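Structural overview for review
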Amino acid sequence: MFDALSDRFEGIFKRLRGRGVLTEADIDEVAREIRLALLEADVNVRVVKSFIGRVKERAHGADVAKSLTPGQQVIKIVHEELVATLGGTSGKLAMNPKPPTVVMLAGLQGSGKTTAAGKLARLLKSQGLQPLLVAADLQRPAAVEQLRVLGQRLDVPVHTAPEGGPADPVAVARTAFDEAARLGRNVVIVDTAGRLQVDTALMDELRAVRDVVKPTNSLLVVDAMTGQEAVNVASAFDEAIGLDGVVLTKIDGDARGGAALSVKEVVGRPILFVGTGEKLEDFEPFHPDRMASRILGMGDVLSLIEKAEAAFDATEAAAAEEKLRKGQFTLDDFLDQMQQVRKMGPLGNIMKMLPGMPKELKGAEVDEGQLARIEAIIRSMTPAERRDPSLIGGSRRLRIAKGSGTSTQDVNALLKQFKVVQQMMRSIAGGKRPKLPAGMNLPPGMPGLPG
Ligand SMILES: Nc1nc2c(ncn2[C@@H]2O[C@H](COP(=O)(O)OP(=O)(O)O)[C@@H](O)[C@H]2O)c(=O)[nH]1
Ligand SMILES: [Mg+2]
């Protein structure tokens, strides 16, 4: 799910990253592109409209924080609004203070209710709870059997209508509580019947079951493939039985994601769980922030932005970049940049997070001890030497090594690495992808690459 949308966002943001300043017209253009991307992903029109409105308003009004580039700022706003659209905080089941907690699953036929019942039972069991599955879908005999098989596999009891008795879902629901008490079960999961379409008979049956079980959580199971239609389905179920949340299934498929992005805002009920495959373990609590990062296809970049915000000064970075371009980057700047980058946390991680980093750089291991050594070496140089390392001949090398408590080999290595960085920077500035010489590790404190 979300692949196409992710691609679109990636394209939009890639262009944004290179920009220094965003004009009103730039923001409008970005907003237009995002709008199109969302509509193509089958997101509800109303949702798109309010989403774009919020993003635009915030982007226009954003006081340009020194720590972020304008492009990063827009990405951050889009991400935050996406999280809000998806439901803000992570969903959780409500627990009945007087057990059992009752979870009623409703939804169209084939949406994945029975599977979700099994998956939820598995999840709750793993959390130390004692679930009971209740087969209140008596439309098709196969449905009961399906739940029974799941229960057997999970070693979770399944409550069904008595053999040969009337196929009455309300009766099954009513006797479920005695069964739960008898078996010492504290969560009752009720699987219900579905239809291919919303109809009154179905809704009446569900209402009757609901009145008997009084669900602590009444959850709508929605197939992500339903797209925007999911919104109508959700509204109908909400009106009929009252919903507390949504289980979005089959997000492993190639659904465009419109349902996920629309349900919360239109129906006002959060997605609590997602089904990510056919197996019982393919089920997880829904985290809006993680999903938003996944949609933007840049989870790593976002955490990098967060870190950068905390530590990095965009103005200084821009100045360093400018110097690089002009070939004026000195060892002093190198030291400055190294310290900036170090404020952001373990270097190895940051390298891995940077988008567009050549693979050989991403894998580069950075040794923090080596960082300290490099810092000491540069500090032992005179200002003139830092500006122009070509001054550093044999005797100066020895002096610097002694001053920094390192060896002349260390000093040599640093000077060599610095030269490589300068060359790399020049080639990046010239629009080429940098290549590290074979066997050479990235010098720590390598300044931020222009993304
Ligand atoms: N790929 C995938 N298939 C699912 C998922 N959830 C359910 N299914 C499949 O969807 C079909 C219908 O599921 P079922 O639980 O019987 O739907 P119900 O009619 O609502 O009870 C089955 O073939 C399930 O294996 C999911 O999250 N991912
Ligand atoms: Mg079923």
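Quick caveat, the model's predicted, so the values are computed rather than measured.

The next thing to look at is the overall build of the protein chain. Looking only at helices and strands, the protein chain has 20 helices and eight strands in total. For the protein chain, the proportion of its 451 residues judged to be buried stands at 41%. For the protein chain, restricting intrachain contacts to residue pairs at least 6 apart in sequence, the fraction spanning at least 24 positions comes to 74%.

Another point: helix 7 (residues 169-183). For helix 7, built from 15 residues, the straight-helix expectation of 21 Å at 1.5 Å per residue is met to within 8% by its first-to-last C-alpha distance of 20 Å. The largest bend in helix 7 comes to about 30°, at Ala176. Listed as buried for helix 7 are Pro169, Val172, Ala173, Ala176 and Ala180. Looking at the buried side of helix 7, the elements it contacts are strand 2 (131-136), strand 3 (158-159), strand 4 (187-192) and helix 8 (200-213). Backbone geometry just after helix 7 places Gly184 at a positive phi near 65°.

What follows deals with the site of ligand 1. Around ligand 1 sit 19 residues, and of these Gly112, Lys113, Thr114, Thr115 and Gly275 come closest. Top element by residues in the shell around ligand 1 is helix 5 (residues 113-126). It accounts for three residues. Of the residues in the shell around ligand 1, the class split is one nonpolar, 13 polar and five charged.

Ordered by their spatial adjacency, eight strands build an open sheet running 3-2-4-1-5-6-7-8, and the pairing between neighbours is mixed. Of all the strands in the sheet, the pair left with one neighbour each is strand 3 and strand 8 (283-285). Strand direction decides the pairing type here: strand 1 (residues 101-106) and strand 5 (residues 217-223), joined by four bridges, are parallel. Considered in strand 5, the bridge of Ala106 is made with Leu220. Lying on the sheet, helix 6 (residues 141-154) is in contact with strand 2, strand 3 and strand 4; it crosses strand 2 at an angle near 165°. Contacting strand 1, strand 5 and strand 6 (245-249), helix 9 (residues 229-241) runs over the sheet at an angle of about 160° to strand 5.

Quick look at the pairing of strand 4 now. It is a general feature of regular strands that their side chains alternate between the two faces of the sheet. For strand 4, a buried count of six out of six residues is recorded, marking the element as mostly surrounded by other parts of the structure. Going residue by residue along strand 4, you find Val187, Ile189 and Asp191 tucked away on one face and Val188, Val190 and Thr192 tucked away on the opposite face as well. Here strand 1 pairs with strand 4 via five bridges, running parallel. Residue pairing in the sheet places Thr101 in a bridge with Val187 of strand 4. In terms of strand pairing, strand 2 meets strand 4 through six bridges, oriented parallel. Residue pairing in the sheet places Pro131 in a bridge with Val187 of strand 4.

Another point: the nonpolar core. Ranked by size, the top nonpolar core spans 92 residues in total, and within it Val134, Ile189, Val190 and Ala234 carry the most contacts. Summarising the domain contributions, this core has at least three residues from each of domain 1 (3-89) and domain 2 (101-286). Excluding its chain neighbours within four sequence positions, the residues that come into contact with Ile189 are Val103, Leu105, Ala117, Leu120, Ala121, Pro131, Leu133 and Val134. Of all hydrophobic cores here, the second largest spans 13 residues; its members include Met338, Ile378, Phe418 and Val421.

Counting buried positions over the seven residues of strand 5 gives seven, a clear majority of the element. Residues of strand 5 alternate between two faces, with Asn217, Leu219, Val221 and Asp223 on one and Ser218, Leu220 and Val222 on the opposite face, all of them buried.

Another point: the packing of helix 4 (residues 70-86) against helix 11 (residues 288-296). Look at helix 4 against helix 11: their axes get within 8 Å of each other, and the N-to-C directions meet at 130°. Taken together, the axis directions place helix 4 and helix 11 in an arrangement best described as oblique. For the crossing formed where helix 4 meets helix 11, the hand is right-handed. Residues Val78, His79, Leu82, Val83 and Leu86 of helix 4 lie in contact with helix 11, whose contacting residues are Pro288, Asp289, Met291, Ala292, Ile295 and Leu296. Here the residues of the contact of helix 4 with helix 11 are counted per class, giving nine nonpolar, one polar and one charged.

With that out of the way, let us pick up unusual backbone geometry. Put simply, Pro99 and Pro100 share a cis peptide bond, and its omega is 5°. Note that Pro100 resides in the loop between helix 4 and strand 1. Here the phi dihedral of Asp155 falls at roughly 60°; this positive angle occurs in a residue that is not glycine. Taking the number of C-beta atoms within 10 Å as the measure of exposure, Asp155 has 9 and is therefore exposed.

With respect to the helices, strands and loops of the structure, Leu296 is situated in helix 11. Sequence spacing of Leu296 and Asp3 is 293 residues, and the spatial spacing of their C-alpha atoms is 9.6 Å.

Scored by pLDDT, the protein chain comes out at a mean of 81, with 78% of its residues at no less than 70. Scored below 50 in pLDDT, residues 352-364 shows 24 contacts in the model against residues more than four places distant or in partner chains. Considering only residues more than four positions removed or in separate chains, one finds that residues 437-451, a stretch of pLDDT under 50, has 37 contacts.

The next thing to look at is helix 5. Taking 1.5 Å of rise per residue, the 14 residues of helix 5 would be expected to cover 20 Å, and the 20 Å separating its terminal C-alpha atoms lies within 8% of that figure. Judged by how many residues are buried, helix 5 sits mostly within the fold: ten of 14 residues are covered. Of the positions making up helix 5, those classed as buried are Lys113, Thr114, Thr115, Ala116, Ala117, Gly118, Lys119, Leu120, Ala121 and Arg122.

Moving on, we come to the environment of Thr276. Mapped onto the elements, Thr276 comes out in the loop between strand 7 (271-275) and strand 8. With 23 residues separating them along the chain, Thr276 and Gly253 place their C-alpha atoms 8.2 Å apart. When sequence neighbours within four positions are dropped, the list of residues in contact with Thr276 reads Ile251, Asp252, Asp282, Phe283 and Glu284.

Analysis parameters
- Starting afresh in each chain, residues are numbered from 1 along the sequence in its written order.
- Chain letters and ligand numbers both follow the written order, the letters beginning at A and the numbers at 1.
- Only residues with pLDDT of at least 70 get local features here, since the model is predicted, and only at 80 or more are side-chain atom pairs given and counted; chain-wide, interface and lining totals rely on the full set of residues.
- Where helices and strands are cited, they refer to DSSP runs of H or I of at least four residues and of E of at least two residues respectively, numbered from the N terminus.
- Our exposure labels follow a C-beta count within 10 Å of each residue's own C-beta, placed from the backbone: buried means 20 or more other C-beta atoms, exposed means 12 or fewer, and partly exposed covers the counts in between.
- Contact between two residues is assigned when their C-beta atoms, built from the backbone, lie within 7 Å.
- Here, expected helix span is obtained from the residue count minus one, scaled by 1.5 Å.
- Think of it this way: the bend at a residue is just the angle between two axes, each fitted to seven residues, one set ending at that residue and the other starting at it.
- Using a C-beta atom placed from the backbone, a residue is described as near a molecule or strand when that atom lies within 6 Å of it.
- Residues are grouped as follows: nonpolar covers Ala, Val, Leu, Ile, Met, Phe, Trp, Tyr, Cys and Pro; charged covers Asp, Glu, Lys and Arg; every other residue, Gly included, is treated as polar.
- A pair of strands counts as paired when DSSP detects no fewer than two bridges linking them.
- Note on geometry: axes are lines fitted to C-alpha atoms, helical ones only across the stretch in contact, with angles between N-to-C directions running from 0 to 180 degrees.
- Residues enter a nonpolar core if they are buried, belong to Ala, Val, Leu, Ile, Met, Phe, Trp, Tyr or Cys, and are joined to the set through C-beta atoms within 7 Å.
- The domain limits used here are those given by an automatic or database domain assignment.
- Under this scheme an angle from 65 to 115 degrees is roughly perpendicular, one under 35 degrees roughly parallel, and one over 145 degrees roughly antiparallel; angles in between are oblique.
- Here a crossing is called left-handed whenever its near helix is offset anticlockwise from the far helix by less than a right angle, and right-handed whenever the offset is clockwise.
- Along the chain, pLDDT gives the predictor's confidence residue by residue, from 0 to 100.

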